[in-house]
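# Report on the structure
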Amino acid sequence: MIAQTPVTLNGRAFSYLDFGGGGVPLIALHGTFGRAASFAGLAPYLAPDFRVIALDQRGHGLSEHGGDLGRDAFVGDAAAFLEHLGAGPAFVLGHSLGGVTAYQLAARRPELVRALVVEDIGAVTDASEVENPVFDTTSWPTAFPNREALAEFLTRQGVPALGYFTDSAYEHDGTWRLRFDHRDMLAAQQGNTGDFWADWLGSDCPALLLRGGLSPLLSARQAGEMAERRPGTRLRVLPGCGHWVHRDDPSGYALAVRDFLRTVPAA
């Protein structure tokens, strides 16, 4: 694994992964319970055209935990990260929670975003659109005797993407843990639940909306409405994929992203 790089943003400690290469930088923002390493399987499919640089968002991975986990904080972090890299206006890709961060960033700091890739998240994310908008893990144990026990526990909980969760597994003092605080994850999800139509419609840069054909979190109806109402938006559906499209079909995902970004006018 490529080494994590520490960085201070807005007076807070963060970490990110730069997957390298000479391609155009593509800033990637993971979903709740994830981390920058969640994009490790996708980055090679996007190379050599694109160089994936992925941030551990606040409360996740090796970035600082706790504190404010509201929407404004996540967007402020993304803006500070782009300014630190000197990468704006940039291609910004976001999955789930990271997708909301990406389109809110485009609406609030349009000078930083050249084009958007939003993976499987809607403009409305509350119970009016999503059957179970919050996955509460606050009752989970925080330590396990070994990695196998952790994986077995996650399987019993019915987590929909086991590998996505085990990406955050690590050993500490002879036990296995997850690189997030369960209370942080609850707060991040609660902050990411709402009606964000104003943000989705608040930017005019080119956008690709990717939906998993089997996704329980973004309906075909809402995805179609999002593409119809926002000029410059292209909708692509990858059949057979669930919510974690970039893990279910990385080659198809990369092809869709590459085809879209090649159509974006030069900065």
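Let me begin by describing the structure that accompanies this report. (Residues numbered from 1 in each chain as written. Predicted model: local features only at pLDDT ≥ 70, side-chain atom pairs only at ≥ 80, totals over all residues. Heavy atoms only, no water.)

Within the structure shown, the criterion is met by 13 aromatic pairs. Taken together, a centroid distance of 5.8 Å and an interplanar angle of 80° make the contact between Phe135 and Trp140 edge-to-face. You can call Trp140 buried: its relative accessible area is 7%. Seen in terms of ring centroids, Trp140 and Phe153 are 5.4 Å apart; in terms of plane orientation they differ by 90°. Their pairing is edge-to-face. Note that Trp140 is positioned in the loop between β6 (113-119) and α4 (147-156) and Phe153 in helix α4, a separation of 13 residues in sequence. On the basis of relative accessibility, which here comes to 9%, the residue Phe153 falls in the buried class. Looking at Arg179, its charged tip hangs above the ring of Tyr170, at a distance of 3.9 Å from the centre. (Phe/Tyr/Trp six-rings, centres within 6.5 Å; stacked < 30°, edge-to-face > 60°. Buried < 20%, exposed > 50% of the residue type's maximum accessible area, 1.4 Å probe, protein only. Helix = DSSP H or I, 4+ residues; strand = E, 2+ residues; numbered from the N terminus. Lys NZ or Arg CZ within 6 Å of the ring centre and 35° of its normal.)

Before going further, it helps to examine the sheet that holds strand β10 (residues 233-238). Read across the open sheet, the 8 strands follow the order β1-β2-β4-β3-β5-β6-β9-β10; overall the sheet is mixed. Bordering the open sheet on either side are β1 (5-9) and β10, each of which pairs with just one other strand. Each adjacent strand pair in this sheet contributes to an overall mean axis angle of 25°, direction not counted. Across 4 bridges, the pairing between strand β3 (residues 24-29) and strand β5 (residues 90-95) is parallel. What sits directly across from Ile27, in β5, is Val92. This element, helix α2 (residues 71-85), spans β1, β2 (12-18), β3, β4 (50-56) and β5 of the sheet and lies at about 115° to β1. (Pairing = 2+ DSSP bridges. Axes fitted to C-alpha atoms, helices over the stretch in contact; angles between N-to-C directions. Contact = heavy atoms within 4.5 Å.)

So, on to the pattern of salt bridges. Applying the stated criterion across every chain yields a total of 13 salt bridges. The partner of Glu83 in a salt bridge is Arg109, and the shortest N-O contact between them spans 2.7 Å. Of the two residues, Glu83 sits in helix α2 while Arg109 sits in the loop between α3 (97-108) and β6, which places them 26 residues apart along the sequence. By relative accessible area, which is 26% here, Arg109 ends up partly exposed. Arg229 is the salt-bridge partner of Glu225, the closest N and O atoms lying 3.4 Å from each other. Linking Glu225 with Arg229, this pair stays in helix α8 (residues 220-229), spanning 4 residues, or about one helical turn. For Glu225, a relative accessible area of 27% corresponds to the partly exposed category. Judged by its relative accessible area of 41%, Arg229 falls in the partly exposed class. Linked through salt bridges whose partners overlap, the residues forming this network are Glu129, Arg221, Glu225 and Arg229. (Salt bridge = Lys/Arg side-chain N within 4 Å of Asp/Glu carboxyl O.)

Another point: the pairing of strand β9 (residues 207-212). Along any regular strand the residues' side chains alternate between the sheet's two faces. Of all 6 residues making up β9, 6 are buried, and the element is well covered by its neighbours. Of the two faces of β9, both are covered, the one formed by Ala207, Leu209 and Arg211 as well as the one formed by Leu208, Leu210 and Gly212. Direction of pairing for β6 relative to β9: parallel, over a ladder of 4 bridges. Residue pairing in the sheet places Leu116 in a bridge with Ala207 of β9. Following the chain from β9 across α8 to the adjacent parallel β10, one finds a crossover that is right-handed. (Right-handed = clockwise from strand over helix to strand, strands pointing away.)

A few words now on α4. Within α4, the full set of buried residues consists of Ala149, Leu150, Ala151, Phe153 and Leu154. Where α4 is buried, its residues contact α5 (162-166), β7 (169-172) and β8 (175-178). Between the side-chain oxygen of the N-cap and the backbone nitrogen of Glu148 there are 3.2 Å, and the N-cap of α4 in question is Asn146. A positive backbone phi angle near 75° is found at Gly158, which sits one or two residues after α4. (Polar contact = N/O pair within 3.5 Å; in protein donor to acceptor, adjacent residues only side chain to side chain.)

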